Amino acid sequence: MNDFPAYRRREITDKIVRIAIYITTFTILIPLLLIFGFIIKNGISNISVGFLINNPVPVGEEGGGILNAILGTFILIILSSLIAVPFGITAGIFLSENSNKKYAQYISTLVDVFQGIPSIVLGIVAYVWIVLPLKKFSAISGAVALSIMMLPTIIKATEETLKMIPYTLKEAAYSLGVPYHRTILKVILPAALSGILSGTLVSIGRISGETAPLLFTAFGSNILELNIFKPMNSLPLLIYNYAKSPYPEWHELAWAASFVLITIVFIFNLLASIGEKKWKIKF
Amino acid sequence: MEDQVLSIRNLNAYFGDFHAVKNVSMKVYKNTITAIMGPSGCGKTTLIRCVNRLHELTEGAYTTGEIFLRNNNILSMNPIVIRRQIGMVFQKPNPFPTMSIYDNVVAGYKINGIKIDKTEMDAIVESSLKKAVLWDEVKDKLRQKGVFLSGGQQQRLCIARAIAMKPEIILLDEPTSALDPKSTLKIEELLEELKKDVTILIVTHNIAQAARISDYTAFMYLGELIEYDKSDKMFTSPSDPKTNEYLKGCFG
Amino acid sequence: MSHFFSKERRSETIFRWLLLSSSFLIILIIFSIALTLVIESFPSIKHNGLSLLTGDIWDPVSEKYSVLPFIVGTFITSILALIISIPFSIAASLYLGEYAEGKRSSIIIKSVLDLLAGIPSIIYGFWGLMVLVPVVRKFEEILGIPPLGIGIFTASLILSIMIIPYTTSIAREVIRLVPQDIKEAAYSLGATRFEVIRDIVIPYAKSGIFAGILLSFGRAFGETMAVTMVIGNANYIPKSLFAPANTMASVIANEFAEATSDLYLSTLVSLGLVLLITSLVVNSIGRFIITRFYVK
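These numbers were taken from a predicted model, which means no experiment stands behind them.

### A look at the overall build of chain C
- Broken down by element type, chain C carries 11 helices and zero strands.
- Put simply, chain C runs from its N terminus to its C terminus through helices and strands in the order α-α-α-α-α-α-α-α-α-α-α.
- A buried classification covers 47% of the 296 residues belonging to chain C.

### Looking at the overall build of chain B
- Secondary structure assignment for chain B yields 11 helices and 10 strands.
- Taking 2.2 N^0.38 as the reference for a compact globule, 252 residues should give roughly 18 Å; the C-alpha atoms of chain B span a radius of gyration of 18 Å, in line with that estimate.
- Over its C-alpha atoms, taken along the principal directions, chain B stretches across nearly 55 × 40 × 35 Å.
- Split into buried and exposed, the 252 residues of chain B put 47% on the buried side.
- Long-range contacts, defined here as pairs at least 24 residues apart, represent 68% of the contacts in chain B between residues at least 6 apart.

### Considerations on the pairing of strand S3 (residues 33–37) of chain B
Residue and element names in this part refer to chain B.
- Extensive coverage of S3 is indicated by the burial of five of its five residues.
- The alternating pattern of S3 places Ile-33, Ala-35 and Met-37 on one face and Thr-34 and Ile-36 on the opposite face, and all of these are buried.
- Here four bridges tie S3 to strand S9 (residues 216–221), and the two strands are oriented parallel to one another. The residue of S9 that forms the bridge with Ile-36 is Ala-218.

### Some thoughts on the interface of chain B and chain A
- Between chain B and chain A, the contact holds 22 residues from the first and 20 residues from the second.
- Among the secondary structure elements, those contributing two or more residues to the side of chain B that touches chain A are helix H2 (79–85), strand S6 (86–89) and helix H4 (107–112) of chain B.
- Of the residues belonging to the side of chain B that touches chain A, the class tally is 12 nonpolar, six polar and four charged.

### Looking at unusual backbone geometry
- In this model, B:Leu222 sits at a positive phi of 50 degrees, which is unusual for a non-glycine residue.
- Within the fold, B:Leu222 resides in the loop between S9 and strand S10 (224–230).
- Taking the number of C-beta atoms within 10 Å as the measure of exposure, B:Leu222 has 14 and is therefore partly exposed.
- Even without a glycine there, the phi angle at C:Asn233 is positive, about 45 degrees.

### Comments concerning the interface of chain A and chain C
- Between chain A and chain C, the residue contacts involve 64 residues of the former and 66 residues of the latter.
- In terms of residues, the side of chain A that touches chain C owes the most to one element, helix H1 (residues 4–27) of chain A, which gives 11 residues.
- Split into classes, the residues belonging to the side of chain A that touches chain C amount to 44 nonpolar, 14 polar and six charged.

### As for the environment of A:Leu76
Residue and element names in this part refer to chain A.
- Along the chain, Leu-76 falls in helix H4 (residues 67–97).
- Residue classification places Leu-76 among the buried residues on the basis of 30 C-beta atoms within 10 Å.
- Those residues in contact with Leu-76, other than ones at most four positions away along the chain, are Ala-139, Gly-142, Ala-143, Leu-146, Ala-218 and Ser-234.

### Looking at the nonpolar core
- A:Ile239, A:Ala257, B:Ile170, C:Ile158 and C:Ile252 are the most contacted members of the largest nonpolar core, which has 240 residues in total.
- Tallying contributions element by element places helix H6 (residues 152–176) of chain C first for this core, with 15 residues.
- Taken domain by domain, the makeup of this core includes at least three residues from each of domain 1 (4–46) and domain 2 (49–278) of chain A.
- The contact partners of B:Ile170, leaving out residues within four places of it in the chain, are B:Gly87, B:Met88, B:Val89, B:Ala162, B:Ile163, B:Val198 and B:Ile200.

### What to know about the packing of helix H7 (residues 180–188) of chain C against helix H8 (residues 193–222) of chain C
All names here are of chain C.
- Running from N to C, H7 and H8 cross one another at 140 degrees; their axes reach a closest spacing of 10 Å. Here H7 is positioned oblique relative to H8, judged by the angle of their axes. The chirality of how H7 crosses H8 is right-handed. Side by side, H7 and H8 meet where Ile-182, Lys-183, Ala-186 and Tyr-187 of the first sit next to Val-196, Asp-199 and Ile-200 of the second.
- Residue classes in the contact of H7 with H8 are distributed as five nonpolar, no polar and two charged.

### What to know about the environment of A:Tyr240
- Note on placement: A:Tyr240 falls in helix H10 (residues 235–244).
- For A:Tyr240, the contacting residues outside a window of four places in its chain are A:Thr211, C:Ile122 and C:Met225.

### Regarding the environment of A:Leu95
All names here are of chain A.
- Examined against the element boundaries, Leu-95 turns out to sit in helix H4.
- Residue classification places Leu-95 among the buried residues on the basis of 27 C-beta atoms within 10 Å.
- Put simply, Leu-95 and Ala-218 are 123 residues apart on the chain and 32 Å apart in space, counted from C-alpha to C-alpha.

### Thoughts on helix H1 (residues 44–51) of chain B
All names here are of chain B.
- Of all eight residues in H1, eight are buried; the element is thus mostly enclosed.
- Looking at H1, one finds that the buried residues are Lys-44, Thr-45, Thr-46, Leu-47, Ile-48, Arg-49, Cys-50 and Val-51.
- Following H1 by one or two positions, Arg-53 adopts a phi angle in the positive range, close to 60 degrees.

### A closer look at H4(A)
All names here are of chain A.
- In this model, H4 (31 residues) spans 44 Å end to end at C-alpha, consistent with the 45 Å of a helix rising 1.5 Å per residue.
- A bend of about 30 degrees at Ser-81 is the largest found in H4.
- Where burial is concerned, most of H4 is hidden: 23 out of the 31 residues are buried.

### A look at the confidence of the model for chain C
- On average, chain C scores 92 in pLDDT, and the residues at 70 or more come to 98%.
- Scoring of the predicted complex yields 0.92 for pTM and 0.94 for ipTM.

### Digging into the packing of helix H9 (residues 180–208) of chain A against helix H11 (residues 248–278) of chain A
Residues and elements named next belong to chain A.
- One way to put it is that H9 packs onto H11 with a least axis distance of 8 Å and a crossing angle of 165 degrees. On the basis of their axis angle, the class for H9 and H11 is roughly antiparallel. As for how H9 packs across H11, the hand of that crossing is left-handed. Residues Ser-194, Leu-197, Ser-198, Leu-201, Val-202, Ile-204, Gly-205 and Ser-208 of H9 form the contact with H11, whose own contacting residues are Ile-264, Val-265, Phe-268, Asn-269, Leu-271, Ala-272, Gly-275 and Glu-276.

### Observations regarding the pairing of strand S1 (residues 4–15) of chain B
- Pairing geometry for S1(B) and strand S2 (residues 18–29) of chain B, over eight bridges, is antiparallel. Its bridge partner being in S2(B), B:Leu11 is matched across the sheet by B:Val24.

### Considering the confidence of the model for chain B
- Looking at chain B as a whole, its pLDDT mean stands at 93, while 98% of the residues score no less than 70.
- Mean pLDDT values over the elements of chain B span from 90, in helix H11 (residues 241–247) of chain B, up to 97, in helix H3 (residues 101–105) of chain B.

The rules behind each value
- Residues numbered from 1 in each chain as written.
- Chains lettered and ligands numbered in written order.
- Predicted model: local features only at pLDDT ≥ 70, side-chain atom pairs only at ≥ 80, totals over all residues.
- Helix = DSSP H or I, 4+ residues; strand = E, 2+ residues; numbered from the N terminus.
- Buried ≥ 20, exposed ≤ 12 C-beta atoms within 10 Å, placed from the backbone.
- Rg over C-alpha atoms; globule rule 2.2 N^0.38 Å.
- Contact = placed C-beta atoms within 7 Å.
- Pairing = 2+ DSSP bridges.
- Nonpolar A, V, L, I, M, F, W, Y, C, P; charged D, E, K, R; others polar.
- Core = buried A, V, L, I, M, F, W, Y, C linked by C-beta atoms within 7 Å.
- Domains from an automatic or database assignment.
- Axes fitted to C-alpha atoms, helices over the stretch in contact; angles between N-to-C directions.
- Parallel < 35°, antiparallel > 145°, perpendicular 65-115°, else oblique.
- Left-handed = near helix turned anticlockwise from the far one by under 90°.
- Expected span 1.5 Å × (residues − 1).
- Bend = angle between axes of the 7 residues up to and from the residue.
- pLDDT = per-residue confidence, 0-100.

Written out as structure tokens, the structure is:
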């Protein structure tokens with residue numbers, strides 16, 4: 001039993017390391033609680049029905065709300081999804097269908113790289129492509145930037161989900177004389193729906209809080225604007241503009257808007273994870 | 001002389017450089033069960049996958065020779081047309097996971113966009129499920145998902161799906177290899193009934209199964225068709241020594 | 001009947017063509033992005049030449065543009081953020097991948113990380129401006145340096161919170177890949193958990209953890225809003241960690257919509273090009289390490 005003290009020392013080291021790791025890990029709770037605490041406290045105290053159904057008013061006037069920003073956020077989400085979802089899904093199908101080919105693997109890697117493009121850069125690109133030719137800021141230019149941001153997530157979600165679907169399913173369809181396009185559209189895609197849908201929801205959650213690419217595309221607006229060829233407000237843009245202002249009452253509005261935005265983002269994220277589990281197809 | 005449905009002539013099948021089926025010629029007769037047996041890797045599955053042109057879907061796979069379905073060469077027809085006339089059941093049950101039992105049976109119509117009216121469709125579902133001896137077990141839950149059935153029931157659902165298209169021939173690729181003995185027996189029994197309507201070509205590595213259910217048996221080894229004869233003759237007095245060895249369990 | 005099948009064949013051709021062209025479009029978009037930035041940067045490169053990268057003055061009024069202060073600002077902010085976040089992400093990934101692996105209690109930290117990852121950048125920035133900046137100001141008063149509150153340190157602090165979930169999730173995946181039988185072999189020799197982590201888990205997972213850190217670095221690099229709001233937007237090479245500065249992304253965010261001359265705009269685009277290239281390089285190295293060492 002000569003090594004007994006050494007063993008004791010090792011045991012103590014083990015215990016200390018464990019405690020240190022636990023403490024460090026749970027420290028991460030602090031910033032989360034602080035962020036949520038402030039947003040919930042300041043958000044709820046400044047929120048009201050009028051806040052949700054009115055448009056902004058000039059500083060100094062009572063009341064005023066964020067209706068235009070909420071609507072703008074949803075219009076931007078819908079527009080970007082309309083652009084990104086069809087392309088993302090078809091490209092994802094192509095990549096998974098040709099996953100044994102070299103060129104598809106290259107494109108797949110390219111899509112991975114795509115994910116690393118900073119969102120502000122996409123703002124510049126949308127500015128050059130759309131704002132410059134149209135000679136004005138517009139919701140549609142913002143949607144183009146956001147849709148490019150969504151693409152990699154949707155492509156990857158489609159590709160990965162389709163790769164999980166057993167080949168026997170495709171054979172079953174072929175053996176019934178089903179042509180290729182019907183096999184993909186009516187058999188494979190429905191089986192992959194949950195994965196694709198949750199990927200899409202994740203990407204929507206991500207873009208709904210995105211600000212940088214909108215700064216010089218959708219730009220923001222103080223009025224309720226539904227024309228997608230005109231500047232449009234969104235919640236992140238509104239928070240940014242109010243946060244930068246020197247007026248405490250606008251800061252209060254920004255807290256309330258942050259609360260609304262974070263609620264929207266988390267609803268999308270929640271739907272994505274529910275979708276992933278609940279609608280999962282059993283093979 | 002029995003009526004011949006399928007006539008395979010000098011068929012060769014390849015996967016790239018690999019010669020999987022070597023110069024096989026055989027005839028398949030109407031309303032019979034023909035079993036193809038042999039050790040694994042002998043080309044028996046590849047052979048039947050040539051019959052409904054699934055073989056060519058594998059990267060680098062191709063075939064030479066002819067397969068006549070009555071007077072038409074399958075290998076020069078539109079594969080989509082031919083696959084609707086020849087049904088197939090696979091090793092592992094593969095019902096469509098998103099579809100109900102009902103929709104699985106008529107999947108061949110629905111997915112292909114073939115419009116038929118409701119009463120006719122109901123009739124097809126009922127008769128196909130009855131032929132697959134599944135009707136009594138599922139008639140009260142036709143709207144439930146097919147994947148919640150047991151393995152044996154799923155395989156019978158796949159048989160119903162194949163015969164719902166009213167094919168002339170159905171191909172079965174070791175349909176009972178993933179099933180328990182009881183489910184296996186049930187499928188063997190229903191195949192005996194089924195051959196009254198349709199010609200059956202079944203791949204099996206189970207010698208006893210071939211002997212139990214088939215009228216004709218083909219024995220393949222290393223891609224070649226070693227012997228093809230009536231099952232009675234094959235299992236009592238095989239003419240090729242290799243067949244004899246295989247039946248005695250010497251290899252495979 | 002034959003008419004029906006020829007129609008089917010046509011739809012099939014159209015469908016295959018559609019799949020192919022959508023992937024082609026993806027390639028096209030990626031290259032157009034790069035090409036757009038390069039073309040739009042030309043006036044700036046022509047006017048500024050090498051001084052774009054070597055000078056240290058950014059003065060739009062006198063048309064003197066050097067992006068060096070922002071490159072320095074970006075690197076310092078991101079590296080400081082990494083240094084702050086690494087202990088937390090490694091601890092959390094060991095906790096999730098080793099200590100709490102498969103246990104129900106791990107749900108707390110998993111949810112915390114998911115929630116942190118879901119908070120939009122603008123909200124981090126706003127919270128930082130309203131809550132963190134006053135705290136840092138107090139801290140600076142105690143240290144006896146100008147109490148600005150805003151600056152590199154505050155930006156890095158926010159960034160470090162934002163990247164913890166990202167580093168952790170990659171590191172955790174890699175730690176999970178450590179073969180169970182090797183760990184069990186070590187336990188059977190009487191090793192403690194700490195010894196298994198030190199001698200088995202870390203050596204096996206270290207390149208993956210490094211790649212995770214690199215990918216987070218790439219993310220911190222391009223992060224815009226949170227940084228823009230608290231970094232202080234000063235256009236010179238920072239002298240201290242508490243000094244106000246600007247990152248490449250924050251300058252673009254601040255000045256792009258107000259850039260009046262074509263040259264000014266083109267210079268901001270060239271800054272975007274530098275940002276794109278640096279973050280793609282960092283990202284590609286990270287991904288390369290992960291696929292090289294851990295896929296299959």
